[in-house]
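# Residue-level structure breakdown
Take a look at the letters that make up each chain.
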Amino acid sequence: MRIINANDFVSPGAADADIIQRAIDAASPGDTVRIPRFNVSGESSEWHIGKALLVGTGVTVLLDNCRLVLETGIYDNMFRNREGASGFAVVGEGSAVLSGGEWNYLSNNMSGKYGLPDVSVNALLKFSHAKNAVIRNIRFEMARWASVMVDHSEDVRIEDLWFEMVPHVKDLYGVLIGCGCRNISIENLTGRTGDDTVYIFADSKRYPVTADAEIRGVRLRNIVTDPKFESIVHIRANGGHKIRDIRMDGIVDSSDFFDKKRIHANVHIGDREAELHPAVPSDISGIRLVNAFSSAVNTFSLNGSFSDSCFENVFTFGDNINIINNSSCEVQTENVRFRRLYYGKGSEPNNSTSFISRYAIGALPVVADNIKGDLKVEKLIDVDEEDI
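In this text the structure is predicted, and so the values were computed from the model without any measurement. (Residues numbered from 1 in each chain as written. Predicted model: local features only at pLDDT ≥ 70, side-chain atom pairs only at ≥ 80, totals over all residues. Heavy atoms only, no water.)

### A look at the overall build of the protein chain
When helices and strands are tallied, the protein chain shows two helices and 27 strands. Residues classed as buried in the protein chain amount to 55% of the 388 residues present. The contacts of the protein chain with a sequence gap of at least 6 include a subset with a gap of at least 24, amounting to 74%. Taken as a whole, the protein chain presents about 15200 Å² of accessible surface, with 48% of it coming from carbon and sulfur. (Helix = DSSP H or I, 4+ residues; strand = E, 2+ residues; numbered from the N terminus. Buried < 20%, exposed > 50% of the residue type's maximum accessible area, 1.4 Å probe, protein only. Contact = heavy atoms within 4.5 Å. Areas by Shrake-Rupley, 256 points an atom, 1.4 Å probe, with all protein chains shown as cover.)

### Here we look at the environment of Ile-243
In this fold, Ile-243 is placed in strand E19 (residues 243-253). Separated by 30 residues in the primary sequence, Ile-243 and Ala-213 have C-alpha atoms spaced 9.2 Å apart. With residues up to four places along the chain from it excluded, the contact list for Ile-243 reads Ile-200, Ala-202, Ile-215, Ile-235, Arg-236, Ala-237, Asp-283, Ile-284 and Ser-285.

### Section: the nonpolar core
Counting 104 residues, the largest nonpolar core has Phe-79, Ile-158, Ile-177 and Ile-186 as its most contacted members. Those residues in contact with Ile-177 that sit more than four places away from it in its chain are Val-150, Ile-158, Ile-184, Ile-186, Tyr-199, Ile-200, Phe-201, Ile-215 and Val-218. (Core = buried A, V, L, I, M, F, W, Y, C linked by side-chain atoms within 4.5 Å.)

### What to know about the pairing of strand E16 (residues 198-202)
Counting buried positions along E16 yields five of five residues, so the element is predominantly enclosed. Side chains of E16 alternate between two faces, with Val-198, Ile-200 and Ala-202 and Tyr-199 and Phe-201 buried alike. Strand direction decides the pairing type here: strand E14 (residues 173-177) and E16, joined by three bridges, are parallel. Across the sheet, Leu-176 pairs through a bridge with Tyr-199, a residue of E16. Two strands pair when backbone bridges link them, and E16 and strand E18 (residues 231-237) are joined in this way by five bridges, in the parallel orientation. (Pairing = 2+ DSSP bridges.)

### A few points about the pattern of salt bridges
The tally for this structure, following the rule as stated, stands at 22 salt bridges. The salt bridge involving Glu-46 is made with Arg-67; its shortest N-O contact spans 3.0 Å. One end of the pair, Glu-46, is in the loop between strand E2 (32-35) and strand E3 (47-49); the other, Arg-67, is in strand E6 (residues 67-70), and 21 residues separate them in sequence. The exposure class assigned to Arg-67 is partly exposed, which follows from its relative accessible area of 26%. Connected via shared salt-bridge partners are Glu-46, Arg-67, Arg-139 and Glu-141. (Salt bridge = Lys/Arg side-chain N within 4 Å of Asp/Glu carboxyl O.)

### Quick look at unusual backbone geometry
One non-glycine residue, Asn-183, adopts positive backbone phi at about 55 degrees. Judged by relative accessible area, Asn-183 falls into the partly exposed class, the value being 44%. Of note, the phi angle at Lys-228 is positive, near 55 degrees, even though the residue is not glycine. Here Lys-228 is to be found in the loop between strand E17 (215-226) and E18.

### A look at the sheet that holds strand E7 (residues 79-81)
Strands sit in the order E4-E7-E10-E12-E14-E16-E18-E20-E22-E24 across an open sheet of 10 strands; the sheet is parallel. Strand pairing shows two members of the sheet lacking a second neighbour, strand E4 (53-55) and strand E24 (322-325), which therefore form its edges. On average, adjacent strands in this sheet sit at an angle of 10 degrees to one another, irrespective of strand direction. (Axes fitted to C-alpha atoms, helices over the stretch in contact; angles between N-to-C directions.)

### Some thoughts on the environment of Glu-187
Turning to its location among the elements, Glu-187 is positioned in strand E15 (residues 182-192). On a C-alpha basis, the gap between Glu-187 and Val-224 in space is 9.6 Å, while along the polypeptide they are 37 residues apart. Residues in contact with Glu-187, not counting those within four places in the same chain, are Ile-158, Glu-159, Asp-160, Arg-221, Asn-222 and Ile-223.

So, in structure tokens, the structure goes:
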């Protein structure tokens with residue numbers, strides 16, 4: 001196994017992306033390509049990336065205290081995997097920064113219009129049809145859309161990431177998990193994003209409904225972020241797509257509600273325009289959450305049908321308004337349970353929460369007028385008084 005230094009591939013007039021790509025292409029499976037802090041070619045502490053860097057099977061790209069910035073005006077990712085690549089990694093050491101630089105004005109609303117490409121080219125790291133990949137210990141600054149996008153991949157670990165999207169800009173997601181993903185582990189995310197921090201989406205407008213499009217086996221742990229006005233975790237399926245087996249432990253709202261508007265939700269299921277994207281309960285199933293802390297408008301925003309799910313040990317504080325809320329069309333549920341929901345001083349048990357408290361705990365069929373089916377709240381606790 002070799003350690004290959006990108007600075008060894010400098011040549012007169014070569015662009016930074018070409019230098020790094022030569023180093024990656026020189027690597028064999030098991031080798032590490034080191035991108036150091038100092039860029040010899042530019043005599044600078046920054047590397048300017050004008051096209052996507054392609055990583056192949058078995059290669060580790062080590063971001064050694066370096067800072068990579070996308071060049072102004074380009075429409076491309078910073079890193080992508082080669083088709084079918086496996087066993088590769090992009091990992092940081094020390095202070096490793098990937099920056100989107102100047103925004104190119106390509107957003108969700110502009111995607112594919114007026115001759116512009118699909119907005120997914122604005123993901124800093126985009127892995128597709130990959131296996132056994134790792135993304136670790138990276139600070140993302142001012143991504144142009146998503147910091148990380150993964151689809152049709154399996155056995156991917158995403159961990160120890162910091163997001164700094166200041167000032168907040170719409171559509172700046174943290175991690176997007178698209179169709180065809182299996183066994184994805186996401187843990188230790190922190191910082192601020194300009195939209196959902198983790199967005200698990202099976203969207204029929206982007207992905208055709210096929211047998212291998214199901215999202216299954218996503219694990220989230222220690223997600224401690226401020227997603228501006230949106231959600232820490234957003235789970236959405238439509239058009240017949242399926243999402244199954246999502247496990248979450250430690251979904252924490254770190255927003256400063258004294259400084260700005262509260263975030264929308266800790267966990268958002270469905271779409272606030274769900275009548276345009278109908279789903280049935282079996283489309284999203286097997287969600288398990290333990291340990292959530294929230295000062296959001298809604299701890300749980302339920303705007304899509306789902307089933308066979310359980311949410312437990314939920315603590316609200318500050319200006320949290322609703323523990324459970326629905327803000328759009330009718331939602332159908334099957335075998336959904338909420339257990340041990342805590343609210344305390346500074347968190348008013350109003351709206352849907354007070355609706356819960358008027359009914360027998362453990363036998364509640366409805367939380368809000370538009371939520372139908374089998375949903376039960378088995379324990380609601382006022383920590384300032386006594387168990388309800």
